[in-house]
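These are the residues of each chain, in order.
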Amino acid sequence: MDLEDLRTFVDVADAGGVSSAARRLGVSKSIVSRRLFRLEAELGVQLLARTTRGAALTEAGITFREHAARVCAEIDLALETIMPAGELRGRLRIAAPLSLGPTHLAPVFAELARRHPLLHVHASYSDRFVDIVGEGFDCAIRVGYLNDSNLIARRVGPIHGKLVASPDYIGVHGAPETPDELLAHQALMQGTETWQFIDGGKTISIHPQGRFKADNGTALAAAAVAGLGIAWLPDHLIKGYLDSGALVQVMTRYPVPTGGLFVVRPPGQHSTRKVRVLIELLIECFG
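Student: Sorry if this is basic, but what is going on with the nonpolar core here?
Tutor: Nonpolar side chains tend toward joint burial in soluble globular proteins. Of all hydrophobic cores here, the largest spans 22 residues; its most connected members are Leu 105, Ile 141, Val 263, Leu 278 and Leu 282. Of all the secondary-structure elements, those providing two or more residues to this core are strand 3 (90-96), helix 5 (101-115), strand 5 (139-144), strand 6 (152-159), strand 14 (259-265) and helix 10 (273-286).

Shown next, in the form of structure tokens:
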């Protein structure tokens, strides 16, 4: 039984279809279908029921998926154990934020691939909150402040941010001086988040309001430059705007807490050496 066929079946099962799995694996749909056909022929049972909307696991497929995933994980662990120190192989799937990933994280992933020629590095960039377990990622890079979850997180570096607005917005609406005054302003947000500020030795939390929202920090920065409101953004997104004067910092008496750059991975399993090496490289670059 071919190990790559097993891995492909697990990916199809987790992705919910051949097309999604093919995109995840970076191969054609015909290759995925051929691997599935070969595996089902080897087993003599149907694992997936193909439909117009994708693929659903049969009863046999549901049972076999758990065993196949465990076999693949055990083989990965065995290969890591016997491989020479420093040599990595297999596939590492990373979910990374779009606002930070292409500019700051992509060079790190490229360096990881350069140092380990046998390792397949697959990075997916999106600012949506990725389900790393359900979508089959080995780990994800997250920025800011982590919510409580059952994922295992490792902080690899600090993320500093500021509250900013355009001179035009301030000219029309004024600049807030305190967190209470901020509540009367238009906030540019990703959702319904809570904003926190440092006031001496204590932390103040507020729930800002605003009519413009986006799931991408670069889009929020553009909205701030356009004068739509006040945004809380990381330094790496706003440095150029601050340098040019397109944005200015507001409420400087109440700085925002330092956030973090985190690597999160699924619970209930040992960290693979691939993920540990990625963490070490990120700490080397950002820690």
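Student: Is there a simple way to explain the packing of aromatic side chains in this structure?
Tutor: Geometrically, a pair of aromatic rings is defined through the distance of the ring centres and the angle of the planes. Counted under the stated rule, the structure contains four aromatic pairs. Pairing Phe 9 with Phe 64 gives two aromatic rings, centres 5.7 Å apart and planes at 45°, and the pair type is tilted. A residue pair is termed long-range when its members are at least 10 positions apart, and Phe 9 in helix 1 (residues 3-15) and Phe 64 in helix 4 (residues 59-82) qualify at 55 residues. Taking the centre distance of 6.4 Å and the plane angle of 35° together, the rings of Phe 109 and Tyr 125 count as tilted. Residue Phe 109 is located in helix 5, and its partner Tyr 125 is located in strand 4 (residues 119-125); the two are separated by 16 residues in the primary sequence. With relative accessibility at 4%, the residue Phe 109 sits in the buried group. Overall, Tyr 125 belongs to the partly exposed group, its relative accessible area being 30%. Through pairs of rings, three or more aromatic residues link up here, namely Trp 195, Phe 197 and Trp 232. A cation over a ring is seen here: Arg 93 above Phe 137, with NZ or CZ 4.1 Å from the ring centre. Just above the ring of Phe 129 sits the side chain of Arg 142; from NZ or CZ to the centre is 3.9 Å.

Student: Hey, could you run me through helix 1 in this one?
Tutor: Working note: α-helix, 3.6 residues per turn, so residues spaced by three or four point in the same direction. In this model, helix 1 (13 residues) spans 18 Å end to end at C-alpha, consistent with the 18 Å of a helix rising 1.5 Å per residue. Taken residue by residue, helix 1 has Asp 5, Leu 6, Arg 7, Thr 8, Phe 9, Val 10, Asp 11, Val 12 and Ala 13 as its buried positions. With a side-chain oxygen lying 2.7 Å from the backbone nitrogen of Glu 4, the N-terminal cap of helix 1 falls on Asp 2. One or two steps after helix 1, the chain reaches Gly 16, where phi turns positive at roughly 85°.

The rules behind these values
- Residues numbered from 1 in each chain as written.
- Predicted model: local features only at pLDDT ≥ 70, side-chain atom pairs only at ≥ 80, totals over all residues.
- Heavy atoms only, no water.
- Core = buried A, V, L, I, M, F, W, Y, C linked by side-chain atoms within 4.5 Å.
- Buried < 20%, exposed > 50% of the residue type's maximum accessible area, 1.4 Å probe, protein only.
- Helix = DSSP H or I, 4+ residues; strand = E, 2+ residues; numbered from the N terminus.
- Phe/Tyr/Trp six-rings, centres within 6.5 Å; stacked < 30°, edge-to-face > 60°.
- Lys NZ or Arg CZ within 6 Å of the ring centre and 35° of its normal.
- Expected span 1.5 Å × (residues − 1).
- Polar contact = N/O pair within 3.5 Å; in protein donor to acceptor, adjacent residues only side chain to side chain.

Read these as layout, nothing more, since geometry by itself doesn't imply function.
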